[in-house]
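For reference, the chains in residue letters:
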Amino acid sequence: MTIPILTTERLTLRGPKDSDAAPLGVFLASPRAEWIGGPWPASDAPEWLAHSRKRWAELGRGPWIVAFRDDDTPIGRVGFLDHDGWNEPELGWFLFDRFDGHGYAHEAAVAARAFAAQTLNLPPLFSLIEPANLRSKALALRLGATPERDVEFKGITLTVYRHPKVSP
């Protein structure tokens, strides 16, 4: 399957490239990865990229690499995560170090959410967020998501944030 490419005013959401492994590896090995279950060895990055490609091939959805539209510099990841035991996909995101605070995650998440509704015909998505992850919580609220319930997931208490319905 060809991974769809989405563009926004400043960003491109695209499939992973082998060259994304280095910046992804820096993120995975950093303290910033604690919010997604890490940190992990930087050497795990190629496996993460392969897993993203595999999800798109198997399910027709998955995570994109978020890159600057003008020069293709990768700055993070946004997209759909299908967890074992869940019957719906999560909308997840993270940005690499130094790219917070510019609205990039919001811009990318809005584009991904619109794709989910308009192309994949998915119902309103959810995001799993650790209560102490204030930046992610603020983004979910800015996106119009509301706290739905707390759940135990992989031994951690997380809050399910339900996104609003997006018109097709």
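Residues numbered from 1 in each chain as written. Predicted model: local features only at pLDDT ≥ 70, side-chain atom pairs only at ≥ 80, totals over all residues. Heavy atoms only, no water.

With respect to the side chain of Glu88
Tracing the chain through its elements places Glu88 in the loop between β4 (74-81) and β5 (90-95). A relative accessible area of 18% places Glu88 in the buried class. There is a polar contact of 2.8 Å between the side chain of Glu88 and the side chain of Arg162. Those residues in contact with Glu88 that lie beyond four places of it in its chain are Asp82, Pro124, Phe126 and Arg162. (Helix = DSSP H or I, 4+ residues; strand = E, 2+ residues; numbered from the N terminus. Buried < 20%, exposed > 50% of the residue type's maximum accessible area, 1.4 Å probe, protein only. Polar contact = N/O pair within 3.5 Å; in protein donor to acceptor, adjacent residues only side chain to side chain. Contact = heavy atoms within 4.5 Å.)

Details of unusual backbone geometry
Residue Gly38 is joined to Pro39 through a cis peptide bond whose omega torsion reads 0°. As for its placement among the helices and strands, Pro39 is situated in the loop between α1 (21-28) and α2 (45-59). Of note, the phi angle at Arg98 is positive, near 80°, even though the residue is not glycine. Judged by relative accessible area, which is 65%, Arg98 ranks as exposed.

Side note on the nonpolar core
Judged by nonpolar contacts, the single largest core of 42 residues is most densely connected at Leu13, Leu24, Trp64, Val78 and Trp93. Of all elements in the fold, only β2 (11-14), α1, α2, β3 (63-68), β4, β5, α3 (104-118) and α4 (134-142) reach the threshold of two or more residues within this core. Looking at which element gives the most residues to this core, the answer is α3, with 8 residues. (Core = buried A, V, L, I, M, F, W, Y, C linked by side-chain atoms within 4.5 Å.)

Focus on the packing of aromatic side chains
A complete count under the given rule lists 13 aromatic pairs for this structure. Ring geometry for Trp56 against Phe115: centres 6.4 Å apart, planes inclined by 65°, an arrangement best described as edge-to-face. On the criterion of sequence distance, the pair formed by Trp56 in helix α2 and Phe115 in helix α3 is long-range, its members being 59 residues apart. Classification of Trp56 as buried rests on a relative accessible area of 0%. Here Phe115 falls in the buried class, since its relative accessible area comes to 11%. With centroids separated by 5.4 Å and ring planes inclined at 65°, the aromatic side chains of Trp64 and Phe80 adopt a geometry described as edge-to-face. Placement of the pair is Trp64 in strand β3 and Phe80 in strand β4, with a sequence separation of 16 residues. Here Trp64 matches Phe80 in class, with each residue buried. One aromatic cluster is present, built from ring pairs that chain together Phe27, Trp40, Trp48, Phe94 and Phe96. (Phe/Tyr/Trp six-rings, centres within 6.5 Å; stacked < 30°, edge-to-face > 60°.)

Focus on the packing of α1 against α2
Their axes nearest at 8 Å, the elements α1 and α2 cross at an angle of 110°. Judged by the inter-axis angle, α1 sits roughly perpendicular to α2. Helix-helix and strand crossings are classified by hand; for α1 and α2 the assignment is right-handed. Each of Ala21, Leu24, Gly25 and Leu28 in α1 lies in contact with α2, whose residues at this interface are Ala45, Pro46, Trp48 and Leu49. Here the residues of the contact of α1 with α2 are counted per class, giving 7 nonpolar, 1 polar and no charged. (Axes fitted to C-alpha atoms, helices over the stretch in contact; angles between N-to-C directions. Parallel < 35°, antiparallel > 145°, perpendicular 65-115°, else oblique. Left-handed = near helix turned anticlockwise from the far one by under 90°. Nonpolar A, V, L, I, M, F, W, Y, C, P; charged D, E, K, R; others polar.)

Points about the environment of Ala111
By the element assignment, Ala111 lies in helix α3. Residue class for Ala111 comes out buried when judged on its relative accessible area of 16%. Residues Ala111 and Thr7, 104 residues apart in the sequence, show an inter-C-alpha distance of 7.9 Å. Discounting chain neighbours no more than four positions away, the residues touching Ala111 are Leu6, Thr8 and Leu13.

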